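Geometric and topological summary
So you can see what is in the structure, the chains are spelled out below.
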Amino acid sequence: MSIFSRQMIEDMEKRYRANFINSITGFKSVCLVGTADKEGRENLAIFSSAIHLGSSPPLIGLIVRPDSVERHTLSNIEDTGFYTLNHINPTFYKEAHQTSARYAREVSEFEACGLDPEYQANFHAPFVKNSLLKMALELREKKELSINGTILLIGEVVSVSINKTAISEDGYADLETLGSVTCSGLDTYHSTRKLARLSYAKPGTKPAIL
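Structural notes, computed from the coordinates. (Residues numbered from 1 in each chain as written. Predicted model: local features only at pLDDT ≥ 70, side-chain atom pairs only at ≥ 80, totals over all residues. Heavy atoms only, no water.)

Things to note about the sheet that holds strand E12 (residues 188-190)
The strand order across the open sheet built from 3 strands is E1-E11-E12, with neighbouring strands paired in antiparallel fashion. The open sheet is flanked by strand E1 (28-29) and E12, the only strands paired with a single partner. Pairing between E1 and strand E11 (residues 182-184): 2 bridges, direction antiparallel. Within E11, the residue paired with Lys28 across the bridge is Cys183. (Pairing = 2+ DSSP bridges. Helix = DSSP H or I, 4+ residues; strand = E, 2+ residues; numbered from the N terminus.)

In structure tokens form, the structure reads like this:
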């Protein structure tokens, strides 16, 4: 096993280092973030930085890179306060990946990448029509992380669209039945295979398969 010191990591070529550090954290959730500006111009971007922050209230964090260049997703969320998170499945993961290209503000990634927008009543931001799990979020907090200038957006889930057959009696949403993909690194996508769902861990007991 090789050991890479902090200095060795720092000395890596920029793109090599980005691929290395982004992949060693393991498999990540990946989703499409749908937004629209105040004029209704749509934007769609792939993110692998969504994190669960709490269930009551239901909060999801999203890490956005520093706004040293124009960030359409960030500015749309700041201006309107609304956005959507849409799971990706194997039927459109290539189109989803293409949304990471730097399109001009006036270009809709929905149209450019071959994906269809969908709207729900009284919600400003667009959803991805083909997604089988969609969340509507309203921005609650924005925090800049001084260590590297990245921005943490904290959104409250105001609605979830999912087929009820994918939800178990105890509320567990089975993402595998929906075909939700995951990712590793910056450009690699994976389907999943469940090993087991285990019982709640307690001292003195062994996990049981549910």
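Anyway, onward from the coordinates.
Considering the layout of surface pockets
There is about 1700 Å³ of room inside the largest pocket. Lining of the largest pocket is provided by 44 residues; of these, Ile46, Phe47, Arg65, Arg71 and Leu186 occupy positions nearest its centre. Take the lining of the largest pocket: its biggest share by element is 6 residues, from helix H2 (residues 14-24). Its residues assigned to classes, the lining of the largest pocket comprises 19 nonpolar, 15 polar and 10 charged. Taken together, 34 residues line the second largest pocket, and the ones lying closest to its centre are His87, Leu133, Met135, Ala173 and Leu175. Put simply, the parts of the chain that give the lining of the second largest pocket at least two residues each are E1, strand E4 (50-55), strand E5 (58-64), strand E6 (82-87), strand E9 (133-144), strand E10 (151-162) and helix H6 (175-178). A total of 5 residues in the lining of the second largest pocket trace back to one element, the largest contributor, which is E4. Among the residues making up the lining of the second largest pocket, the classes are represented as 19 nonpolar, 9 polar and 6 charged. (1 Å grid on protein atoms, 1.4 Å probe; cavity = no way out; pocket = protein on both sides within 12 Å on 5 of 7 lines; lining within 4 Å. Points joined across faces, edges and corners; volume = space filled by probe spheres on them. Nonpolar A, V, L, I, M, F, W, Y, C, P; charged D, E, K, R; others polar.)

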